[in-house]
Amino acid sequence: MVANANTPLLTLNNGTTIPQLGFGVFKVDPAETTRIVADALEVGYRHIDTAAIYGNEEGVGRAIADSGIPRDELFVTTKLWNDRQTDAENAFDESLAKLGLDYVDLYLIHWPTPQKDTFVQAWKSLEKIYASGRAKAIGVSNFLVPHLTKLLAETDIVPAVNQIELHPAHQQPEVTAFSREHGIEIEAWGPLGQGKYPLFELPEVADAAAAHGKTPAQVVIRWHLQTGNIVFPKSNRRERMAENFDVFDFELTADEVQAISSLEREGRVSAHPDEVN
C-alpha cells in the first residue's frame, strides 16, 4: 500500500505493508463514527482499526467511501467476535458488507476464548478467507503464548500480527518475544493505558515530554513506535487526533526509551485473555 508520507510502513510476514501508526474506533459511538473517522482521515491517518463487536463498521465504511481516498492507500482491520468462531466465514461476509468493501487488509480473531476451544477451527476459516484474497493478511488478538503455541502446531499459516493490550505498565514481554521470534508483529491496543493509571504524570514520561517540547501522550506513542509496536490511539476530538499523529518530528534518546520501558509492572488494566469466553 501507499501510506501517508509521514507514517512508517512495516512489512508483515506475508509481504503486506501496514502503517505503524493508525486510528482505533473502540467504544466510538456508531452514530458518531462516520464524522470521527472522516476527521482522522483528514488529519492524515490511513490505518483504521475496527471490529464487529464495536458496532461501528458501517460508520467506518461510510467515512471511507466519502473520503475519496483510493482504497489502496488505506489499511482497514476488523475482527471476528467470540460467538462467531464456528461461523467465521459468514461473520466475515457480514463485516465486509457493513464496511462496504471488497476486501479488508487485516482480519483478526478477537479473543482466543480458551474455554470454548474453537480458535483453531476459526483460524482454519480465516486461512480460507485469506486464500480467497478478501483479507490481505490474517492475525490474532489477545493471544498468549499457550494459545499461539497451539495455533502454530495445528494450522498452516503463521499469524501476521498479535494485537494485545500493551502500554508502559503492561508490556507483555513473554508474549511479545514469542510473537516476534515467530515473525508475528505486535499491535498495541490501549497504548496509553486507557487513563486507568497516571501514566502521563510519571517522571519518566513527563521529563521526556518536557525535554522535547511534546505532550506526554506524544512521548508514549513515540516510545511505541521506537520499540517496534504498531499502535492506533483513539480520540473523538480532532485536535487530539492531530496531536497523536504529530510524532514524527522528534526521537526519544535510548535512555528515555529505556526509562519508559522500565515502567513495566504487569499492570494489566483490562480483561485477562483466559477470562474472556
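Another aspect to go through is the sheet that holds strand S9 (residues 185–189). Taken in spatial order, the eight strands of this open sheet run S3-S4-S5-S6-S7-S8-S9-S10, and their pairing is parallel. If you trace the sheet from one side to the other, it starts and ends with strand S3 (23–24) and strand S10 (230–231), each paired once. By the bridge criterion, four bridges tie strand S5 (residues 75–80) to strand S6 (residues 106–109) in an arrangement that is parallel. Looking at S6, one finds that Leu80 is bridged to Ile109. With respect to the sheet, helix H6 (residues 173–181) is in contact with strand S8 (161–165) and S9, its orientation differing from that of S8 by roughly 170 degrees.

Right, let's get into helix H9 (residues 238–245). Within the sequence span of H9, burial applies to Met241, Asn244 and Phe245. Down the axis of H9, the sector holding all buried residues measures 100 degrees, keeping them to one side.

Although it is not a glycine, Asp117 sits at a positive phi angle of roughly 55 degrees. Within the element layout of this structure, Asp117 appears in the loop between S6 and helix H4 (119–132).

As a packed pair, helix H5 (residues 145–154) and H6 sit with axes 10 Å apart at the nearest point and diverge in direction by 20 degrees. The orientation of H5 with respect to H6, classified from their angle, is roughly parallel. Seen from H5, the contacting residues are Val145, Leu148, Thr149 and Leu152; seen from H6, they are Glu174, Val175, Phe178 and Ser179. Of the residues that constitute the contact of H5 with H6, the class distribution is five nonpolar, two polar and one charged.

On to the packing of helix H7 (residues 203–212) against helix H8 (residues 216–226), then. Interaxial distance between H7 and H8 falls to 8 Å at its minimum, and their mutual angle equals 100 degrees. It follows from the interaxial angle that H7 and H8 lie roughly perpendicular. In this structure, H7 contributes Val205, Ala208 and Ala209 to the contact, and H8 contributes Pro216, Val219 and Val220. Each residue belonging to the contact of H7 with H8 can be placed in one class, and the counts come to six nonpolar, no polar and no charged.

Further remarks concern the environment of Phe26. Relative to the elements of secondary structure, Phe26 occurs in the loop between S3 and helix H1 (30–43). Taking the C-alpha atoms as reference points, Phe26 and Ser235, separated by 209 residues in sequence, lie 9.5 Å from one another. Excluding residues that lie within four positions of it along the chain, Phe26 makes contacts with Tyr54, Gln194 and Lys234.

Turning our attention to helix H2 (residues 57–67). Every buried residue of H2 is accounted for by Glu57, Gly59, Val60, Gly61, Ala63 and Ile64. In this fold, the buried residues of H2 make contact with H1, strand S4 (47–49), S5 and helix H3 (88–99). With its phi angle positive at about 75 degrees, Gly68 sits one or two positions after the end of H2.

Tracing the chain through its elements places Leu21 in the loop between strand S2 (17–19) and S3. Assessed through its relative accessible area of 0%, Leu21 is described here as buried. Spatially, the C-alpha atoms of Leu21 and Leu9 are 8.6 Å apart, while their sequence positions differ by twelve residues.

The next point concerns the pairing of S6. Residues of S6 alternate between two faces, with Leu106 and Leu108 on one and Tyr107 and Ile109 on the opposite face, all of them buried. The β-α-β motif built from S5, the intervening H3 and the parallel element S6 has right-handed crossover chirality. Relative to strand S7 (residues 138–141), S6 is paired through three bridges, and the arrangement is parallel. Of the residues in S7, the one forming a bridge with Leu108 is Gly139.

Bringing the pattern of salt bridges into the picture now. Counted under the stated rule, the structure contains 16 salt bridges. Here Arg35 and Glu32 are joined by a salt bridge, their closest N and O atoms 3.0 Å apart. A residue pair is termed a helical-turn pair when its members lie 3 or 4 positions apart in one helix, as Arg35 and Glu32 do in helix H1 at three residues. Overall, Arg35 belongs to the partly exposed group, its relative accessible area being 41%. Arg240 is paired through a salt bridge with Glu243; the nearest N and O atoms lie 3.6 Å apart. Within this pair, Arg240 and its partner Glu243 are both found in helix H9, separated by three residues, close to a single helical turn.

Cut-offs and rules
- Residues numbered from 1 in each chain as written.
- Predicted model: local features only at pLDDT ≥ 70, side-chain atom pairs only at ≥ 80, totals over all residues.
- Heavy atoms only, no water.
- Pairing = 2+ DSSP bridges.
- Helix = DSSP H or I, 4+ residues; strand = E, 2+ residues; numbered from the N terminus.
- Contact = heavy atoms within 4.5 Å.
- Axes fitted to C-alpha atoms, helices over the stretch in contact; angles between N-to-C directions.
- Buried < 20%, exposed > 50% of the residue type's maximum accessible area, 1.4 Å probe, protein only.
- Arc of directions from axis to C-beta.
- Parallel < 35°, antiparallel > 145°, perpendicular 65-115°, else oblique.
- Nonpolar A, V, L, I, M, F, W, Y, C, P; charged D, E, K, R; others polar.
- Right-handed = clockwise from strand over helix to strand, strands pointing away.
- Salt bridge = Lys/Arg side-chain N within 4 Å of Asp/Glu carboxyl O.

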